[in-house]
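For reference, the chains in residue letters:
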Amino acid sequence: MPTVSAHVALTLAQHIDAVFGVMGNGNAYFLDALEKQTEATFTAVRHEQGAVVAADAHFRASGRIAAGTSTYGAGFTNTLTALAESVQAHVPLVLVVGDEPTSGPRPWDVDQIALASAVGARTYTVGRADAAATTVIAIEHALTYRVPVVLAIPYDVASLEAGEVPAAPSPRVPAPLAPRGAFAEGMLDEIAAALAGAERPFLLAGRGAWLSGASTALGELAAATGALTASSALGRGVFPETQYDLGVTGGFGADGAMELIHTADVAVVFGASLNQFTMRFGELFAPGTTVFQIDIAPAATHAHVGGFVRADARVAAEALVDRIGTITVADPWRESIDVASARAYDNGDDLAPDGRLDPRSAARRIAEMLPEDRIVVSDGGHFIGWANMYWPVAAPDRMMMVGTAFQSIGQGWPSVVGAALARRESTIVLTSGDGGGLMAIADLESAVRAAGGRGMAVVWNDAAYGAEVNLYGLKGLAEAPMRIPEVDFAAFGAAVGAEGVVVRTLADLDRLEAWTAEDPSSRRFLLLDLRISGDVIAPYQQEIIRVNS
């Protein structure tokens with residue numbers, strides 16, 4: 001007869017086809033049932049944090065919910081940083097874990113429900129009679145609120161026989177949030193009128209706009225109003241007409257592009273939270289700019305917003321297109337702008353004054369050789385400026401920054417695992433620093449195994465925790481704790497089956513060009529160990545330094 005764990009596995013597999021994790025006492029029966037009785041794919045990672053990270057990256061890359069799994073106690077506590085990241089990034093996933101027996105905690109048990117709650121994740125605990133239904137409820141909660149949930153299987157319940165698996169309803173997901181009430185409709189009228197009368201209209205969209213499927217409507221709105229466009233870091237590529245798009249706002253943005261945005265007279269924001277980085281710490285818009293925001297948040301998320309509509313980005317964008325109709329814009333602002341020049345970044349030098357690689361020129365050269373069909377996944381750290389500035393992507397689901405919501409590092413390698421399974425035809429490109437790369441080094445093996453010749457990594461190796469050196473070293477604090485002995489990541493890669501290349505000059509990057517031309521089925525995972533200068537500070541970091549000085 002099926003066990004409680006089998007009820008969970010069989011029900012979960014009806015809605016989730018990818019599970020990542022580390023096997024232990026608490027989830028052994030669950031994984032046994034998953035492997036033997038379902039079509040779901042289980043991919044082992046080497047650290048429990050990686051189970052959540054991989055499931056997180058899988059959703060960001062594909063829009064399909066995935067699951068992670070770990071044992072109880074130490075296995076569960078190892079997931080907490082990644083769980084907090086997924087909560088703050090609004091990524092739905094299910095974490096299936098073992099838990100203390102119903103008879104009470106053992107010496108090695110901890111209060112897992114309290115720990116999950118502390119980082120913002122709800123726990124659903126299954127029993128002998130309700131495992132299937134509880135599993136569906138957990139999935140529905142994750143999808144409805146766009147958050148991770150914990151699905152706990154008490155140790156003494158896991159292997160109990162529970163009878164035939166009952167039919168369970170499919171998870172129900174709410175319809176897109178439509179504007180409600182006379183105030184919301186009136187505000188949409190006001191936004192449409194403002195855009196129609198604007199001389200320098202500007203549209204900004206974030207990841208929420210992408211998740212809502214607003215790209216087409218936003219493109220129509222931009223065309224109808226002659227607006228220039230831009231995105232948050234997590235929304236890049238959401239606007240279909242790149243010739244009028246200024247790129248990413250905030251510290252990743254080009255100076256010329258940010259100056260243009262500062263001259264806008266009307267700005268409408270769709271599905272972007274307007275955090276301090278997107279807003280350039282309050283300096284993105286000029287004091288005279290009329291700013292409207294459309295979001296599913298309960299209220300406006302920045303003090304500079306003058307009008308707010310709570311609604312799904314796609315629904316609202318379509319409503320605005322209908323309101324504006326086929327207006328004729330005389331001499332559209334965007335036609336007078338040299339967008340390509342405004343988006344230009346500093347080319348950098350071949351080598352920095354200290355003789356090490358200039359990360360700007362290295363990033364530009366790598367961009368010329370990367371496979372066109374690529375998914376970029378990013379760890380956290382000072383280096384995030386280089387990929388975000390110099391490596392264009394076609395859509396928001398092709399650039400993922402896993403860790404930035406919680407300001408963490410060390411989630412890069414397992415991100416490759418989830419993205420590789422989600423997008424089996426694309427090349428997965430990891431950008432990581434040496435600090436974060438070492439923190440998650442156990443899952444370098446997982447990344448190489450999962451992606452194979454469809455995977456590569458660029459490690460920006462400056463022998464330091466660069467963000468800390470740039471912020472606190474410049475203030476005169478002791479730098480010894482901020483420094484890392486230079487590590488040979490190329491050798492690390494070779495040890496687990498990758499091809500490792502130490503890159504000290506731009507000419508050393510020629511191997512990437514040759515690798516890109518090779519058949520992914522026969523080439524190996526490529527790890528580029530870039531020995532970069534820590535003296536070249538990314539513009540976004542310079543902005544942070546200025547604000548915190």
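Just above sits the structure.
Here the structure is a predicted model, which means the values were calculated and not measured.

Details of the overall build of the chain
Helix and strand counts for the chain stand at 22 helices and 18 strands. Relative to a compact globule of 549 residues, whose C-alpha radius of gyration would be 24 Å, the chain shows 24 Å and is just as compact. Dimensions of the chain, computed from C-alpha atoms along their principal axes, come out at roughly 75 × 65 × 50 Å. A buried classification covers 58% of the 549 residues belonging to the chain. In the chain, the share of contacts with a sequence separation of at least 24, taken over all contacts with a separation of at least 6, comes to 78%. Of the accessible surface of the chain, which amounts to about 21100 Å², a share of 52% is contributed by carbon and sulfur atoms. Treating the 37 positive side-chain charges of the chain as one cloud and the 62 negative ones as another, the clouds have centres 2 Å apart.

Comments concerning empty space enclosed by the protein
In total, this model carries 1 cavity of 30 Å³ or more according to the counting rule given. Volume-wise, the largest cavity comes out at about 30 Å³. Forming the walls of the largest cavity are G219, A222, T229, F239, P240, E241, Y244 and R334. For the lining of the largest cavity, the per-class residue count stands at 4 nonpolar, 2 polar and 2 charged.

Some points on unusual backbone geometry
In this structure, F281 takes a positive phi of about 55° despite not being glycine. Its place among the elements puts F281 in the loop between strand 10 (266–270) and strand 11 (290–295). Backbone geometry places A463, a non-glycine residue, at a positive phi of 55°. Tracing the backbone through its elements, the reader meets A463 in the loop between strand 16 (455–461) and helix 19 (466–473).

Some points on the sheet that holds strand 2 (residues 41–44)
In spatial order, the strands read 2-1-3-4-6-5; together these 6 strands make up an open sheet with parallel pairing. Only two strands of the sheet have a single partner each, and these edge strands are strand 2 and strand 5 (122–125). In this sheet, neighbouring strand axes are inclined to one another by 25° on average, regardless of whether the strands run parallel or antiparallel. Relative to strand 6 (residues 148–154), strand 4 (residues 93–99) runs parallel, the two sharing 7 bridges. Considered in strand 6, the bridge of L95 is made with V150. Across the sheet, helix 5 (residues 80–88) touches strand 4 and strand 6, and the angle it forms with strand 6 is around 140°.

Here we look at the pattern of salt bridges
All told, the structure shown has 28 salt bridges when counted by the stated rule. Of the charged contacts, one joins R365 and E368 as a salt bridge, the two residues approaching to 3.0 Å between their closest N and O atoms. Of this pair, R365 and E368 both sit in helix 14 (residues 359–369), 3 residues apart, roughly one helical turn. When its relative accessible area of 21% is taken as the criterion, R365 is described as partly exposed. Residues R398 and D373 are paired through a salt bridge, measuring 3.0 Å at the closest nitrogen-oxygen approach. On the criterion of sequence distance, the pair formed by R398 in the loop between helix 15 (384–390) and strand 14 (399–401) and D373 in the loop between helix 14 and strand 13 (374–378) is long-range, its members being 25 residues apart.

Section: the packing of helix 1 (residues 4–12) against helix 2 (residues 28–37)
One way to put it is that helix 1 packs onto helix 2 with a least axis distance of 8 Å and a crossing angle of 50°. It follows from the interaxial angle that helix 1 and helix 2 lie oblique. Considering only the axes of helix 1 and helix 2, their crossing is right-handed. Contacts between helix 1 and helix 2 involve S5, A6, V8, A9, L10 and L12 from the former and Y29, F30, A33, L34 and Q37 from the latter. Tallied by class, the residues present in the contact of helix 1 with helix 2 amount to 9 nonpolar, 2 polar and no charged.

Examining the packing of aromatic side chains
As enumerated under the stated definition, the model contains 7 aromatic pairs in all. Aromatic side chains W391 and W460 sit 6.2 Å apart centroid to centroid with 40° between the ring planes, which places their arrangement in the tilted category. Note that W391 is positioned in the loop between helix 15 and strand 14 and W460 in strand 16, a separation of 69 residues in sequence. Both residues of the pair, W391 and W460, belong to the buried class. A cation over an aromatic ring shows up here: R106 above the ring of Y72, its NZ or CZ 4.4 Å from the ring centre. For R106, the ring lying beneath its charged end belongs to Y155, and the centroid distance is 4.9 Å.

Some thoughts on the sheet that holds strand 18 (residues 526–531)
On the basis of which strands lie adjacent, the open sheet formed by 6 strands has the order 14-13-15-16-18-17 and parallel pairing. Where the open sheet ends on each side, the last strands, each with one partner, are strand 14 and strand 17 (499–503). Sheet twist, expressed as the average angle between the axes of neighbouring strands with direction ignored, equals 15°. Across the face of the sheet, helix 16 (residues 412–422) comes into contact with strand 13, strand 14, strand 15 (427–433), strand 16 and strand 18 while running at roughly 165° to strand 15.

What to know about the side chain of D462
Counting through the fold element by element, D462 comes out in the loop between strand 16 and helix 19. No salt bridge forms around the buried D462; measuring N to O, its nearest opposite-charge neighbour R483 is 6.5 Å away. Within the local environment of D462, its side chain forms a polar contact with the backbone nitrogen of A464, the two atoms lying 3.2 Å apart. When residues no more than four places from it in sequence are discounted, the contact partners of D462 are R356, D434, I532 and G534.

Procedures and definitions
- Starting from 1, residues in each chain are numbered consecutively following that chain's sequence as written.
- Where local features are concerned, this predicted model is filtered to residues with pLDDT of at least 70; where side-chain atom pairs are given and counted, the filter is 80 or more; whole-chain, interface and lining totals use all residues.
- Note that the side-chain values use all heavy atoms of the structure and ignore hydrogens as well as water.
- We count a stretch as a helix when DSSP gives it H or I for four or more residues in a row; a strand needs E for two or more, and each element gets its number in order from the N terminus.
- In this setup the radius of gyration rests on C-alpha atoms only. A globule is expected at 2.2 Å times the number of residues raised to 0.38.
- Burial status follows relative accessibility: with a 1.4 Å probe on protein chains alone, a residue under 20% of its type maximum counts as buried, one over 50% as exposed, and anything between as partly exposed.
- The contact definition used throughout considers only heavy atoms, calling two residues in contact when any of these lie within 4.5 Å.
- Surface accessibility in these figures is a Shrake-Rupley result with a 1.4 Å probe; residues are shielded only by whichever protein chains are displayed.
- Charged-residue counts in this description rest on Lys and Arg as positive and Asp and Glu as negative, His and the chain ends being excluded.
- Charge coordinates come from a single atom per side chain, which is NZ of Lys, CZ of Arg, CG of Asp or CD of Glu.
- Site definitions follow a grid-based scheme: protein atoms alone, a 1 Å grid, a 1.4 Å probe that fits but cannot get out for cavities, and for pockets an open set with protein on both sides within 12 Å along at least five of seven lines, plus lining residues having an atom within 4 Å of a point.
- Grid points are joined across faces, edges and corners, and a volume is the space filled by probe spheres set on the points.
- Residue polarity follows a fixed list, in which Ala, Val, Leu, Ile, Met, Phe, Trp, Tyr, Cys and Pro are nonpolar, Asp, Glu, Lys and Arg are charged, and the others, Gly among them, are polar.
- For two strands to count as paired, DSSP must find a minimum of two bridges between them.
- To define axes, lines are fitted to C-alpha atoms, for helices over the stretch in contact only, and angles between the resulting N-to-C directions are given on a 0 to 180 degree scale.
- In what follows, salt bridge is the name for a side-chain nitrogen of Lys or Arg lying within 4 Å of a carboxyl oxygen of Asp or Glu.
- Oblique is the label for any angle not covered by the other classes, which are roughly parallel (under 35 degrees), roughly antiparallel (over 145) and roughly perpendicular (65 to 115).
- With the far helix as reference, a near helix turned anticlockwise by less than a right angle produces a left-handed crossing, and one turned clockwise produces a right-handed crossing.
- Any two rings among Phe, Tyr and Trp, with Trp reduced to its six-membered ring, count as a pair given centres within 6.5 Å; such a pair is stacked if its planes are under 30 degrees apart, edge-to-face if over 60, and tilted if neither.
- Geometrically, a lysine NZ or arginine CZ counts as sitting over a ring once it is within 6 Å of the ring centre and also within 35 degrees of the ring normal.
- Polar contacts, as counted here, are pairs of nitrogen or oxygen atoms within 3.5 Å of one another; within protein the pair requires one atom able to donate a hydrogen and one able to accept it, and residues that are adjacent in sequence qualify only if both atoms are side-chain atoms.

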